[in-house]
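# Observations on the three-dimensional arrangement
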Amino acid sequence: MMKRVTPRTLRSSACLALLAVVVLAGCKHPGQSTTALKPTATGAAIVETSGGHQLGSTGTELKDPLIVQVNDEQGTAVAGALVEFQSPAGVTFEPATMLTDASGQATTAVTLGSIAGRYQLAASTAGKSKPVALDIVETALGYQQRVGSILADKYCTRCHDPESSAERVSNYDNLETKPHPFTDSNTLNKMTDADLTAIIQYGGPALHRSALMPPYGKTLTLAEVRALIAYTRALADPPYQPAGTVYAHK
Amino acid sequence: MQFIRKYLSSAWHTLFGDPVRAFGIVSLVLLLALAVTPTKEHFSEWHGYQRNYLSLIRDRGDAVSMRRRFEPGIHQIWMPALGVVDRCTTCHVGLNEASLADEHQQPFRKHPAIPHPVEGFGCVICHGGQGAATTVSEAHFSERDGEAPILPTRYIEAGCGQCHQNEMAGTPQLNLGRTMLTRYGCVRCHSITRPDGSKLMPTDHPPSLIHIADKTSREWIYSWLKDPQAYAATTTMPNYKLSDQDASDISAYLVSSSKPQPGDTAAVDVKTASAGKAGNPAAKPAANPADGASLYGQSYCSSCHAVQNAAGNVVGGNVGPELTRIGNKVKPEWLNAWLNNPRIYDVTTPMPHYRFTPQQIATLSDYLHSKSDADYGANVQLAAATPQQIARGRRLIIDGGCAACHEINGVQTPQNFAPDLSNIGSKPLAQIAFLPGMQHTVSTYIVSKIRQPRAFGGAVKMPQFALSNAQTDALTTALLAQTARSRTIPDTLRVAATADTNYQPAGHAGKLMTELACFSCHRINGRGGDMAPDLTYEGSSVQRQWLTDFLKNPNTLRPSLIRRMPRFNLSDSDNKELTDYMLAVYQTPTVDPDTAPSATNPAQVVEQGRQLFYSKFACQSCHIVDTKTDKGYIGPTLTHVGSRLTPAWTYAWLKDPQALRPGTTEPNQKMSDDDARAVTAFLMSLKGTAGIGAKQ
């Protein structure tokens, strides 16, 4: 009898202890920072200044910090408002709570979780009557998608990305038949992996499309083509759902 | 006593008095004893996970096939050659289940796609941790002797770096970290040996200080030493957190030990006092202030040098030093001499000898001198140095290890100045002095040590580097890849680093190429930078007249690039020397001029090529042939290609671009021989001056 009970009690006490640690750890952090940070003002709205919609590697810090601004009803920046960043498990902010600076902005460094995919983050502030919050989306790329993003930078985005930068002029406007930007998910989500593989390997004519899309089948390996596809899928908004996959229902 | 004995004997009698009963009791005890192990197993952690896995997949569409693939019990991957005994897959059951891609709950996630199958490599090779353990705490978090917690995802590329010493596209963080180890001077103090026994060699260019007084003042050295980043935000020189007295004494020693070298401005002034040479302020030609900025731009100084703009952004290359406050630093006569020929002051400099005219030098020098900050070092007033100060400065230089990077008169280069970091990634936790409150992992230790080296005690000499979080992470990743395990991996699995060769072209042309610092931007035969095209096969590629003209006036080939080849004002004989050498030596055997299509072709072949160019291969998406209709902006403009490239090269290139220049972006279009000949004929008809090909 004893023998049977021991592991279970041990396990449950371990669980309890773990729970206690988690709860304590959960309480400790905000508890400390809220006592240290005394908001001197409240805002009516919170807006994203920069740092949203970034792509980063899983588990690493995003290149640019996330900056949000707290405004009042007139749209003027509010200094000294308390901003709290929240996220699903795995994402960390440094710092997670802070007061807005003189220009009404709060800046935090975001480290993504270890799972590839889209992360829905939130920034919230107290507000006059009820809290106001802002949703921010960041994307974490796994190994294959990151390889794809590097290949895309080299071979694809000069034409497929309409945005030009000082370092890199886009070729999009120069093309008679416009390529689909990788963010054009309405089109790309309708194409299967086999379609995309064919068009990358054999060029536009493979799917009766423009010959301005050249064939890369002898330049890129199949693994590289797959990586490119994985990357374009990671950018899809709404997310790509391959036909035929059965999803778990809760 | 009596009572106990009586009780025991009655108990013995009750249990074993009767042989049948005794047999039953013994059997029962035996049965219970045998049940211990199965019971323990039933309640073990991993068994719980396997049960949870089964209930997780129960409701999925492909539950039947998934359950068929599931094997209960402890799973083990054993690879004696790698020293791997991994039981991780006991709990991480669904690593290879494609349909678990949407599952976020560990330990049941599918492993993201990587080139290595788990069956062939196991887990701990990349992730660290204890593979043989079957509980989470032991496998993931153990800090016992000889064990270490698993590698955080943040630094996971360190796992790749144990076997892959080369640069890989998929590991940007590791690549950056390794570049930084050699570029930020880390390996000048710390020695780092790769598993194959080769050492990481520095790639930075710390200036020699043996004639520093010719270049700058003691006051500037003082301000610089106090805070290098205040002078140039992007400098790799770390902050040694020197006191005022220390900085004053070190600057005193550096200036007093500085000895003029042949060619220094001090020497030039005496020798050529009456000559009108550049570098002599007495006979300074008139500068043209309006031209300063445009000359700086035309010379493409910003390809290598950065300047902080009004918005506070540092813009430009990082080959040479940042020039935001250059006017605060250098003496005017030194700058003139440097612009005239940098190799006189520093024979190893990556800066090209531009062959500016005296007026250009004066213009550029004035322009650069205007880049100064009136507030920088304004309050620095140093009293004349005493011999005690100078002696103390020398001792501080020896103690601080300055000579590990810089050449300094009277101070020897220290050997093994700082601890060897070859195996830092697997440093036993027991040997690390963690600070209070620090997580006990090697990665936290390395990060803290890079961020705040002096927090580990006053005796630590390591200076404070000005690094962003991303740079610190990259450096940590590169260091974590230096493990003891990486040395026991079989040679067949190891990918060696691609080291630069020490290729040096011969003769007068070789001397010219050194003077023009071609290797700072171009790569030839495995040596040199990657800013400009690889010239290893340039001789097979281009025509003589074009190369001569290009060296005379490098108008750009690719209009969308902001980094371009500067103009070097070469003399005609030097130009010819360089052209001859490149055409004769930089040849590839795969491009055969004898079997190539000829440069002139019948009109119908040219027309056929034109149609192939525009329709089948749609080259106009990247290239411009007719400036009126074509807009392709990615590859080089081809309006003059018939007078630039050789037909043999063009044909070979069309057949397989990557064979001639690995990694080039032009896709291999699988052209047939006939198609390639026709397109070559069309391209060779494009001479620029003679109208647009065979359009009419």
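To start, this report covers the structure provided alongside it. Note that the structure is a prediction, hence the values are computed from the model and not measured.

On to the packing of helix 4 (residues 193–202) of chain A against helix 5 (residues 222–235) of chain A, then. All names here are of chain A. Interhelical geometry of helix 4 versus helix 5 gives an angle of 125 degrees and a closest axis separation of 10 Å. Accordingly, the angle class assigned to the pair helix 4 and helix 5 is oblique. Considering how the two elements wind past one another, helix 4 and helix 5 form a crossing that is right-handed. For the pair helix 4 and helix 5, contact is made by Asp-193, Leu-196, Thr-197, Ile-200 and Gln-201 and by Leu-222, Val-225, Leu-228, Ile-229, Thr-232 and Arg-233, respectively. For the contact of helix 4 with helix 5, a count of residues per class yields six nonpolar, three polar and two charged.

Now for the interface of chain A and chain B. With 39 residues of chain A at the contact, the number on the chain B side is 41 residues. Summing both partners gives a buried area of about 3,800 Å² for chain A against chain B, and 58% of it is carried by carbon and sulfur. Three residues stand out in chain A for area buried against chain B, namely Ile-115, Tyr-143 and Lys-218 of chain A, and they jointly supply 14% of the buried area on that side. Between chain A and chain B we count two salt bridges in total. Linking Arg-154 of chain B and Glu-61 of chain A is a salt bridge whose minimum nitrogen-to-oxygen distance equals 3.3 Å. Secondary structure elements with two or more residues in the side of chain A that touches chain B: helix 1 (2–36), helix 2 (143–160) and helix 4 of chain A. No other element matches the nine residues that helix 2 of chain A contributes to the side of chain A that touches chain B. Residues that form the side of chain A that touches chain B fall into these classes: 19 nonpolar, 11 polar and nine charged.

So, on to the sheet that holds strand 2 (residues 55–57) of chain A. Backbone-to-backbone hydrogen bonds join strands into a sheet, with any given pair of strands oriented parallel or antiparallel. Residues and elements named next belong to chain A. The strand order 2-9-8-4-6 describes an open sheet built from five strands, whose pairing is mixed. Lying at the two open borders of the sheet, with one neighbouring strand each, are strand 2 and strand 6 (97–99). Between one strand axis and the next, the sheet turns by 30 degrees as a mean value, whatever way the strands run.

Let us look at the sheet that holds strand 3 (residues 66–71) of chain A. Residues and elements named next belong to chain A. One open sheet accounts for four strands, arranged 1-3-7-5; its pairing is antiparallel. Edge positions in the sheet fall to strand 1 (45–50) and strand 5 (92–94), since each of these pairs with one other strand and no more. Between one strand axis and the next, the sheet turns by 35 degrees as a mean value, whatever way the strands run.

All names here are of chain B. Mapping Lys-215 onto the fold places it in the loop between helix 10 (186–189) and helix 11 (218–226). Asp-346 provides the closest opposite charge to the buried, salt-bridge-free Lys-215, at an N-O distance of 7.1 Å. Setting aside its immediate chain neighbours within four residues, Lys-215 contacts Pro-207, Lys-329, Val-330, Lys-331, Trp-334 and Tyr-345.

Let us now look at the nonpolar core. Soluble globular proteins: nonpolar side chains tend toward being buried together. All names here are of chain B. Of all hydrophobic cores here, the largest spans 91 residues; its most connected members are Phe-613 and Leu-683. It is helix 31 (residues 673–684) that contributes the most residues to this core, seven residues altogether. Leave out the neighbours within four places in its chain, and Phe-613 touches Ala-618, Cys-619, Gln-620, His-623, Val-625, Leu-638, Val-679, Phe-682 and Leu-683.

Attention shifts here to the side chain of Glu-61 of chain A. Looking at the element boundaries, Glu-61 of chain A is found in the loop between strand 2 and strand 3. You can call Glu-61 of chain A buried: its relative accessible area is 17%. A polar contact is formed between the side chain of Glu-61 of chain A and the side chain of Arg-154 of chain B, at a distance of 3.3 Å. Here the side chain of Glu-61 of chain A touches Asn-469 of chain B through a polar contact of 3.1 Å, side chain to side chain. Residues within four places of Glu-61 of chain A in sequence aside, it is in contact with Ala-109, Val-110 and Thr-111 of chain A together with Arg-154, Asn-469 and Asp-473 of chain B.

Definitions and limits used
- Residues numbered from 1 in each chain as written.
- Chains lettered and ligands numbered in written order.
- Predicted model: local features only at pLDDT ≥ 70, side-chain atom pairs only at ≥ 80, totals over all residues.
- Heavy atoms only, no water.
- Axes fitted to C-alpha atoms, helices over the stretch in contact; angles between N-to-C directions.
- Helix = DSSP H or I, 4+ residues; strand = E, 2+ residues; numbered from the N terminus.
- Parallel < 35°, antiparallel > 145°, perpendicular 65-115°, else oblique.
- Left-handed = near helix turned anticlockwise from the far one by under 90°.
- Contact = heavy atoms within 4.5 Å.
- Nonpolar A, V, L, I, M, F, W, Y, C, P; charged D, E, K, R; others polar.
- Buried area = accessible area lost by both parts, 1.4 Å probe.
- Salt bridge = Lys/Arg side-chain N within 4 Å of Asp/Glu carboxyl O.
- Pairing = 2+ DSSP bridges.
- Buried < 20%, exposed > 50% of the residue type's maximum accessible area, 1.4 Å probe, protein only.
- Lys, Arg positive; Asp, Glu negative; His and termini not counted.
- Core = buried A, V, L, I, M, F, W, Y, C linked by side-chain atoms within 4.5 Å.
- Polar contact = N/O pair within 3.5 Å; in protein donor to acceptor, adjacent residues only side chain to side chain.

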